[in-house]
Amino acid sequence: MFMLLQCLNLPAEILLEREVDHIDIAQDCLPVHKYKESEDCTKYKSAKTGRGPLGPQWKEITHPIMCSYKVVIVRFEVWGFQTRVEAFVHSCIRDILLLGHKQAFTWLDEWHGMSLEELREYEKNIQAQTNQKVLSDGYCTGSAEAATPESTSVIDLSNSSASRLPAAEKPKP
């Protein structure tokens, strides 16, 4: 399996502390309440491409393969809570990434064959639908404004006034 070890140009001090977590969209399990058989990569077969289902050795035998590199840092520097809260947030982010990548594969027939412009519009529509669902289900009381890669940030909870770090400063220790 091809892996680019330093594709994010992280500084040396971050590289020494980072923890690499390989997510396997076929073999890693989601929480039971998030599981949908239609989004199970071990059962899905694309009608358009013939890809799938993914078996236990799919990473070694499937070509081409896409790798997605994410850097996440969580800081919650509150004595007595730091380790637990940071671990919980990391596990939630892992579940979100796992679900999103499982969906990207199992929704393949919806987006395969689109031009880049069509794909960006598709992403925008899905994002708007997701934001609307989150807002209508009462998960969020904030604005309905869609988060974009340019506006995404991480919240540093190490002091009483949370400060936002730019997207470029999101390494996971």
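Structure's up top.
Residues numbered from 1 in each chain as written. Predicted model: local features only at pLDDT ≥ 70, side-chain atom pairs only at ≥ 80, totals over all residues. Heavy atoms only, no water.

## Comments concerning unusual backbone geometry
Argument step 1. Of the consecutive residues G52 and P53, the connecting peptide bond is found in the cis state with omega at -15°.
Argument step 2. For P53, the position within the fold is in the loop between α1 (12-17) and α2 (58-61).
Argument step 3. Residues H63 and P64 are joined by a peptide bond in cis, for which omega reads 0°.
Argument step 4. When you line up the elements, P64 lands in the loop between α2 and α3 (82-106).
Argument step 5. A positive phi is found at N9, a non-glycine position, where the angle reads about 50°.
Argument step 6. Topologically, N9 is positioned in the segment before α1.
Argument step 7. The exposure class of N9 is exposed, given its relative accessible area of 64%. (Helix = DSSP H or I, 4+ residues; strand = E, 2+ residues; numbered from the N terminus. Buried < 20%, exposed > 50% of the residue type's maximum accessible area, 1.4 Å probe, protein only.)

## Here's the deal with the environment of P31
Argument step 1. With respect to the helices and strands, P31 occurs in the loop between α1 and α2.
Argument step 2. A C-alpha to C-alpha distance of 9.7 Å links P31 and L99, two positions 68 residues apart in sequence.

## Here we look at the state of the cysteines
Argument step 1. Per the counting criterion, the structure on display carries zero disulfides.
Argument step 2. A disulfide-free cysteine, C7 has its sulfur positioned 8.9 Å from the sulfur of C67, the nearest such atom. (Disulfide = S-S within 2.5 Å.)

## Some remarks on the side chain of D40
Argument step 1. One can find D40 in the loop between α1 and α2.
Argument step 2. Here D40 is buried and forms no salt bridge, its nearest opposite-charge partner K43 lying at an N-O distance of 4.1 Å.
Argument step 3. At 2.7 Å, the side chain of D40 and the side chain of Y35 are in polar contact.
Argument step 4. Apart from the residues lying within four places of it in its own chain, the contact partners of D40 are Y35 and T106. (Lys, Arg positive; Asp, Glu negative; His and termini not counted. Salt bridge = Lys/Arg side-chain N within 4 Å of Asp/Glu carboxyl O. Polar contact = N/O pair within 3.5 Å; in protein donor to acceptor, adjacent residues only side chain to side chain. Contact = heavy atoms within 4.5 Å.)

## With respect to α3
Argument step 1. For α3, with 25 residues, the first-to-last C-alpha span of 36 Å sits near the 36 Å given by 1.5 Å per residue.
Argument step 2. Within α3, the full set of buried residues consists of E86, H90, L98, L99, K102, Q103, F105 and T106.
Argument step 3. Residues of α3 that are buried make contact with α4 (108-111). (Expected span 1.5 Å × (residues − 1).)

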